[in-house]
There are 2 protein chains.
Amino acid sequence: MSVPKIVILGGGYGGLMTAKGLQKELNYNEAEVTLVNQNSYHYITTKLHEPAAGTAHHDHARLAISSVINTDKVRFVQDKVTAIKLEEKEIQLENHEPLQYDYLVIGLGSAPETFGIRGLLENAFFIRNINGVRMIREHMEYMFSRYQNEKKEELITIVVGGAGFTGIEYVGELVDRMPELCREYDIPLEKVRIINVEAAPTVLPGFDTELVDYAVKYLESKGVEFLISTPIEECMEDGVILKGGREIKAATVVWTGGVRGNKLVEDSGIETMRGRVKVDEFLHAPGHDDVFVLGDSALVINEEINRPYPPTAQISTQQGQLLGKNLVAKIRGGEMKSFKYMPKGTVASLGRKEAIGFVGTKKYYGAKAALLKKLIDLRWLYLLGGVSLVLRKGKL
Amino acid sequence: MSVPKIVILGGGYGGLMTAKGLQKELNYNEAEVTLVNQNSYHYITTKLHEPAAGTAHHDHARLAISSVINTDKVRFVQDKVTAIKLEEKEIQLENHEPLQYDYLVIGLGSAPETFGIRGLLENAFFIRNINGVRMIREHMEYMFSRYQNEKKEELITIVVGGAGFTGIEYVGELVDRMPELCREYDIPLEKVRIINVEAAPTVLPGFDTELVDYAVKYLESKGVEFLISTPIEECMEDGVILKGGREIKAATVVWTGGVRGNKLVEDSGIETMRGRVKVDEFLHAPGHDDVFVLGDSALVINEEINRPYPPTAQISTQQGQLLGKNLVAKIRGGEMKSFKYMPKGTVASLGRKEAIGFVGTKKYYGAKAALLKKLIDLRWLYLLGGVSLVLRKGKL
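Every residue gets a number counted from 1 within its own chain, in the order that chain's sequence is written. Both sets of labels track the order of writing: A upward for chains, 1 upward for ligands. This being a predicted model, a pLDDT of at least 70 is required before a residue's local features are given, and a value of 80 or more before pairs of side-chain atoms are given or counted; all residues contribute to the totals for chains, interfaces and linings. For side-chain calculations, the full set of non-hydrogen atoms in the structure is used, while hydrogens and water are omitted.

Residue and element names in this part refer to chain A. An order of β6-β7-β8 is seen for the three strands of this open sheet, with the pairing classed as antiparallel. Looking at the sheet topology across the chains shown, the edges are occupied by β6 (81-85) and β8 (99-100). Of the pairings in the sheet, the one linking β6 to strand β7 (residues 90-93) comprises four bridges and is antiparallel in character. Its bridge partner being in β7, Lys85 is matched across the sheet by Glu90. Two strands are said to pair when DSSP picks up at least two bridges between them. Here a helix means four or more residues in a row that DSSP labels H or I, a strand means two or more in a row labelled E, and each is numbered from the N terminus.

Residue and element names in this part refer to chain A. Here, patches come from residues exposed beyond 30% relative accessible area and free of salt bridges, joined within 9 Å for like charges and within 5 Å for nonpolar side chains (Val, Leu, Ile, Met, Phe, Trp, Tyr). Per-residue accessibility takes into account occlusion by the displayed protein chains alone, with areas from the Shrake-Rupley method and a 1.4 Å probe. Salt bridge, as used here, is a side-chain nitrogen of Lys or Arg placed within 4 Å of a carboxyl oxygen of Asp or Glu. Residues Tyr382, Val387 and Leu391 make up a contiguous nonpolar surface patch of about 350 Å² in total accessible area. Within the element layout of this structure, Leu391 appears in helix α9 (residues 366-393). Of the residues examined, Leu391 reaches a relative accessible area of 68% and is grouped as exposed. Per-residue accessibility, obtained with a 1.4 Å probe over protein chains only, is compared with the maximum for each type, and a residue is labelled buried under 20%, exposed over 50%, and partly exposed between these values.

This part takes up the interface of chain A and chain B. By the convention used here, residues are in contact when the closest approach between their heavy atoms is within 4.5 Å. With 21 residues of chain A in contact, the opposing surface of chain B contributes 21 residues. Carbon and sulfur atoms make up 43% of the surface buried where chain A meets chain B, a total of about 1,800 Å² over both sides. Run the count over chain A and chain B and you get six salt bridges. For Arg134 of chain B, the salt bridge is made with Asp186 of chain A, and the minimal N-O distance between the two is 2.9 Å. Contacts described as polar in this section are N or O atom pairs within 3.5 Å, which, within protein, must combine one atom able to donate a hydrogen with one able to accept it, while residues neighboring in sequence count only if both atoms come from side chains. Remark: the boundary between chain A and chain B carries 18 residue pairs in polar contact (both at pLDDT 80 or more). The leading source of residues in the side of chain A that touches chain B is helix α4 (residues 130-150) of chain A, at 13 residues. In this classification, Asp, Glu, Lys and Arg are treated as charged, Ala, Val, Leu, Ile, Met, Phe, Trp, Tyr, Cys and Pro as nonpolar, and every other residue, Gly included, as polar. When its residues are assigned to classes, the side of chain A that touches chain B shows five nonpolar, eight polar and eight charged. We define buried area as the total accessible area lost by two parts upon association, computed with a 1.4 Å probe and summed across both.

All names here are of chain A. Secondary-structure assignment places Arg128 in the loop between β11 (125-126) and α4. According to the relative accessible area criterion, Arg128 is partly exposed, its value standing at 38%. Sequence spacing of Arg128 and Val259 is 131 residues, and the spatial spacing of their C-alpha atoms is 9.6 Å. Not counting chain neighbours up to four residues away, the residues in contact with Arg128 comprise Tyr43, Leu48, Ser110, Ala111, Pro112 and Val133. Within the structure, the side chain of Arg128 is placed 3.4 Å from the backbone oxygen of Ser110, a separation counted as a polar contact.

Turning to the domain arrangement of chain A, a few remarks are in order. Residue and element names in this part refer to chain A. Examined at the domain level, chain A breaks down into domain 1 (5-113 + 259-344 + 376-393) and domain 2 (125-255). Of note, the centres of domain 1 and domain 2, computed from C-alpha atoms alone, are 31 Å apart. Put simply, domain 1 and domain 2 have zero salt bridges between them. Put simply, domain 1 and domain 2 have five residue pairs in polar contact (both at pLDDT 80 or more) between them. Residue assignment for the side of domain 1 that touches domain 2 shows that the elements contributing at least two residues are β3 (41-43), α2 (49-53) and β10 (110-112). Ranked by the residues each element gives to the side of domain 1 that touches domain 2, the list is headed by α2, at five residues. Across the side of domain 1 that touches domain 2, the residue classes break down as nine nonpolar, seven polar and three charged. All domain edges in this entry derive from an automatic or database-based domain assignment.

This part takes up the pattern of salt bridges. Evaluated as defined, the whole model comprises 44 salt bridges over all chains. A salt bridge links Arg118 of chain A to Glu234 of chain A, with the shortest nitrogen-to-oxygen separation between them at 3.2 Å. Of this pair, Arg118 of chain A sits in the loop between β10 and α3 (120-123) while Glu234 of chain A is found in strand β15 (residues 232-236), placing the two residues 116 residues apart along the sequence. Residue classification places Glu234 of chain A among the partly exposed positions, given a relative accessible area of 22%. Among the salt bridges present, the one from Arg177 of chain A reaches Glu141 of chain A, with a minimum N-O distance of 3.0 Å. Note that Arg177 of chain A is positioned in helix α5 (residues 165-184) and Glu141 of chain A in helix α4, a separation of 36 residues in sequence. Each of the two residues, Arg177 of chain A as well as Glu141 of chain A, counts as buried. Three or more residues are tied together by salt bridges with common partners; here these are Asp59, Arg62 and Arg134 of chain A together with Asp186 of chain B.

Here the focus is the nonpolar core. Most often, soluble globular proteins keep nonpolar side chains buried together rather than apart. We define the nonpolar core as a collection of buried residues of types Ala, Val, Leu, Ile, Met, Phe, Trp, Tyr and Cys that are connected through side-chain atoms lying within 4.5 Å of one another. Core analysis: the largest hydrophobic core is formed by 98 residues, its most contacted members being Phe144 of chain A together with Phe144 of chain B. What Phe144 of chain B contacts, discounting residues up to four positions off in sequence, is Leu155, Ile156, Ile158, Met178, Leu181, Tyr185, Ile187 and Val192 of chain B.

Moving on, we come to the sheet that holds strand β7 (residues 90-93) of chain B. A sheet is described by the order of its strands in space; here three strands give the open sequence β6-β7-β8 (chain B), paired in antiparallel fashion. For this open sheet the edge positions go to β6 (81-85) and β8 (99-100) of chain B, each flanked by a neighbour on one side alone.

What follows is the structure, encoded as structure tokens:
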């Protein structure tokens, strides 16, 4: 009898943690583990708002997968998944032969949720991955570089759609970046407009109101304009139309308003809700004992409020950690453990030196919260590559 | 009787040298000198190909005018000239009251010569000034940043129109820049195309053929493609159409094919040929004893070959040096001297470490020529601001 084949799709937080767990726990020849990822690197989603604004280089938000995975124990295939064939227990790839699996782990991340806003996919930018944020930075810089030639205000107007976690963190970075950008292109700082548009009646819906007030006051003091309770109806190449018909001219529109599951999961025939799979306590896809789903594609209900947990790096990491152990148990005929999300606190950065957040019921502001955010980033590096990776890639 | 008013239009090589000469020679209250320039800075045209490729920051190619002119002696007006009124002896400005003059020095530089190529002004970029080259750099980087998303070859194809001095120097910088740019955007270097298109039957028309061969061989060894004897018929947003109908898809088209005089000069009623003024031996505009023209707007015939000298920083500088002295002589009722161009040699850089050039009949290649080029740049800094400016802004 041949050894069981485990295939992990996606080198995000969940997939990498699963792979790390398996490479640590499995004995020689106990299973054949393959990790498939489109890029040669993992990107640190929680930092993407920095390269998107240009406050940090995108290399600070990615890690070579070969530097965190032991490729003697886990086979790494760099390729794009084109289809998941559940019947045939087969994964189809763009440039490689199909892969057979006995156990499948799907951690393929998310796609932007546009809520049917016209023109959004075509004309807005998304803080999604390295290729995307690099493009946002370059687009914005190109628009700014044109200002002294064309003198159009829209070139130096940035609309950020969505004032959730990503939106607020991105706006915070933009505020930090503007003085440098204005010097670079000989633009008076006060001419730049950063407009954060949110359909919900508050910034950071669901966050503690005291923390939200702190964030809004800080960002407004830096010139950010908030348009709350204001849905975007259409996104054009040169701006947005708000509900009611008001138009804002802006050469750069970045959408952070939400995500949905990866379409490949939907297409596989697994039952989904807005592309996400309501997994059972062991993260099984419904009706498939050999298929696990984690990360942004998985939907786990917070029973206290009977609503899904928002998709975060934190919950994906915990799912990957559990799955690494559970798959070993399953192969050995042991018992799997149930997934139980343990929230460790949440911090939203507002640029380099400001942040808001909470751990349990304790609230944090300003420099202390900013430090907390950095410690959370360092913890991820530690989980991936121990102290040596923290020292190599971390920064305070 | 009031003191004579001298107005200098343009803070380029010619205008600045005139102003420097006047501030040195004139006694207190002997004349009122005003220098008008659109920007607060002078830009070093001979270096613009570097920031256009991104191999050097654009601040290395500009100097604050206040740092080289003594504003106690020369009044500096930062504004755009809108009209030259010869009858009224008046200069109209965009944001200031009109200026009256007794003597006028026109050094307003050039505009691109498009030779009637369709779409060139609308779709090509020009290596002309700081605002322009900064935009080329940002445009190119934005196009490269899109490559990993869209995978279109045209995004990483650059067409340089014109293989004259500027064209070749720019291509040399591009060659230097590409390895860094490809690393930045995860693009295989060999996929990038740099295509230099020239209507004339040779690269660097008029240059020594041995030097031209050296340059072409060097640039071809770095992957540059030359299309010689190949006029461009049309420039579109996404490429060019060559004579005969062949189309090259390229997201970045930079035109270096030639310059003509500034339109303001033509509009003033001064007689021009392709916007340039055939000045007399004292640099007078024909029929105007109180109006002098220098730099790219002036046309001086090389009598040895009965053709105009090409517009260069070198000839402009010499004209400004002469005019600074001649205007003092004129005010004092003395004799003006004739302009006689003294060619001091010519060097074309091919990136940071390569160049070709000649001084008199002696030819230079490679590292020696590259050093010569740097010395020429330093000399300009020395003329402008002495040793202290060389030390502050110069680099070898």
